[in-house]
Amino acid sequence: MPFFSSGRLAPRERNATDVVTLAGTVVSILLLSLVAVPQSGFENAVIGLIEAVPSWLDILWWLGIITLVLWILTVLVTTLLRRRSDVALDAGLSCVAALGLGAVVGQRINGSWPSLAQIVAGGTNGTVPLVMLAIGSAFATAVAPHVARPFRRFGQWTVATAGVSVVMLEATTPIGTLISLLLGTAAAALVHVALGTTTGRPTTVEVTSALADLGVTASNIELAPRQSGESSLWTPSTSTAMPCG
């Protein structure tokens, strides 16, 4: 199974979905910021339940964070080995954007700029937002269009697991987690709006090679003018259209 869903020179498109995602996350962050500090009675009740969880379960929550870190390292190493500068650019810019947005939102909510310790590990009462979680979310979201679907879903799962873990470890509050994840999504969407999102479609050479492995000889094929769904439609030189998932 290929790790990346498309080649290094795959075309990019600016999608309306990225614009809607960016606008929706920004509005959500603004609304959640209004009730993030001080915590509401309901959130305090949730935090009280979290504090009652046995401390020996912390190893599970740390494993959730480690899983996200390992996923990020896997993508980084694969990106370097494959020399995928396009993936590195999207991921790097998204992380920088998440760091900047997280610091600004933290200043607006708490009235002071977060320290390095708060950015990385949160505080004793939970930092809102947890900037490091926002950076991890931005990284996973930015590289998602570049990787094959199973790896994309695994990356999304690691972000969700890390979000639960930081709450259980009291590095941030439940609303702080939501804001952090939304900040990561917003940062990645901002980069995708600016640079475009990779289509994730295989190249002509890859399709021809895959068909050859199936015993089908194809030549002079090209992308069909109209595409729909998550599959790609390729048209050979004849009048018969050939769908290739």
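Here, every reference points to the structure presented above.
Right, let's walk through the structure included here. Since we're looking at a predicted model, the values are computed, not measured. (Residues numbered from 1 in each chain as written. Predicted model: local features only at pLDDT ≥ 70, side-chain atom pairs only at ≥ 80, totals over all residues. Heavy atoms only, no water.)

1. Looking at the packing of helix 6 (residues 131–143) against helix 8 (residues 174–195)
Here is step 1: Here helix 6 crosses helix 8 at 40°, and the two axes come no closer than 7 Å. Classified by the angle their axes make, helix 6 and helix 8 are oblique. When you trace helix 6 past helix 8, the crossing you get is right-handed. Listed contacts from helix 8 to Leu133, Ala134, Ser137, Ala138, Thr141 and Ala142 of helix 6 are Thr177, Ser180, Leu181, Leu183, Gly184, Thr185, Ala187, Ala188 and His192.
Here is step 2: Class assignment of the residues belonging to the contact of helix 6 with helix 8 gives a composition of eight nonpolar, seven polar and no charged. (Axes fitted to C-alpha atoms, helices over the stretch in contact; angles between N-to-C directions. Helix = DSSP H or I, 4+ residues; strand = E, 2+ residues; numbered from the N terminus. Parallel < 35°, antiparallel > 145°, perpendicular 65-115°, else oblique. Left-handed = near helix turned anticlockwise from the far one by under 90°. Contact = heavy atoms within 4.5 Å. Nonpolar A, V, L, I, M, F, W, Y, C, P; charged D, E, K, R; others polar.)

2. A look at the side chain of Arg84
Here is step 1: Considering the arrangement of structural elements, one finds Arg84 in the loop between helix 3 (58–82) and helix 4 (85–110).
Here is step 2: When its relative accessible area of 5% is taken as the criterion, Arg84 is described as buried.
Here is step 3: Of the polar contacts made by the side chain of Arg84, one reaches the side chain of Asp86; its length is 2.8 Å.
Here is step 4: Not counting residues within four places of it along the chain, the set of residues in contact with Arg84 comprises Phe4, Ser6, Gly7, Arg8, Thr79 and His146. (Buried < 20%, exposed > 50% of the residue type's maximum accessible area, 1.4 Å probe, protein only. Polar contact = N/O pair within 3.5 Å; in protein donor to acceptor, adjacent residues only side chain to side chain.)

3. Observations regarding helix 4
Here is step 1: With 26 residues, helix 4 should reach 38 Å at 1.5 Å per residue; the first-to-last C-alpha distance of 37 Å fits that figure.
Here is step 2: Residue Gly111 follows helix 4 closely and has a positive phi angle near 85°. (Expected span 1.5 Å × (residues − 1).)

4. Focus: the environment of Ser85
Here is step 1: Positionally, Ser85 belongs in helix 4.
Here is step 2: Put simply, Ser85 and Arg8 are 77 residues apart on the chain and 7.8 Å apart in space, counted from C-alpha to C-alpha.

5. A short note on the pattern of salt bridges
Here is step 1: Applying the stated criterion to the full structure yields one salt bridge.
Here is step 2: In this structure, Asp86 and Arg84 form a salt bridge, with 2.8 Å as the shortest nitrogen-oxygen distance. (Salt bridge = Lys/Arg side-chain N within 4 Å of Asp/Glu carboxyl O.)

6. Section: the environment of Pro129
Here is step 1: Looking at the secondary structure, you find Pro129 in the loop between helix 5 (116–121) and helix 6.
Here is step 2: Its relative accessible area of 2% is what places Pro129 among the buried residues.
Here is step 3: Separated by 26 residues in the primary sequence, Pro129 and Ala103 have C-alpha atoms spaced 8.4 Å apart.

7. Considerations on the nonpolar core
Here is step 1: Residues Phe139 and Ile179 are the most contacted members of the largest nonpolar core, which totals 44 residues.
Here is step 2: Contributions of two or more residues to this core are made by helix 1 (16–36), helix 3, helix 4, helix 6, helix 7 (149–168) and helix 8.
Here is step 3: Among the elements that take part in this core, helix 6 stands out by supplying eight residues, more than any other.
Here is step 4: Not counting residues within four places of it along the chain, the set of residues in contact with Phe139 comprises Ile72, Val75, Leu76, Ala91 and Cys95. (Core = buried A, V, L, I, M, F, W, Y, C linked by side-chain atoms within 4.5 Å.)

8. Overview of a nonpolar patch on the surface
Here is step 1: Judged by side-chain polarity, Ile59, Leu60, Trp62, Leu63, Ile66, Val69, Leu70, Leu73 and Leu76 come together as a nonpolar surface patch covering roughly 830 Å² of accessible area.
Here is step 2: Using a relative accessible area of 42% as the deciding quantity, one classes Ile66 as partly exposed. (Patch = residues over 30% accessible without salt bridge, like charges linked within 9 Å, V, L, I, M, F, W, Y side chains within 5 Å. Areas by Shrake-Rupley, 256 points an atom, 1.4 Å probe, with all protein chains shown as cover.)

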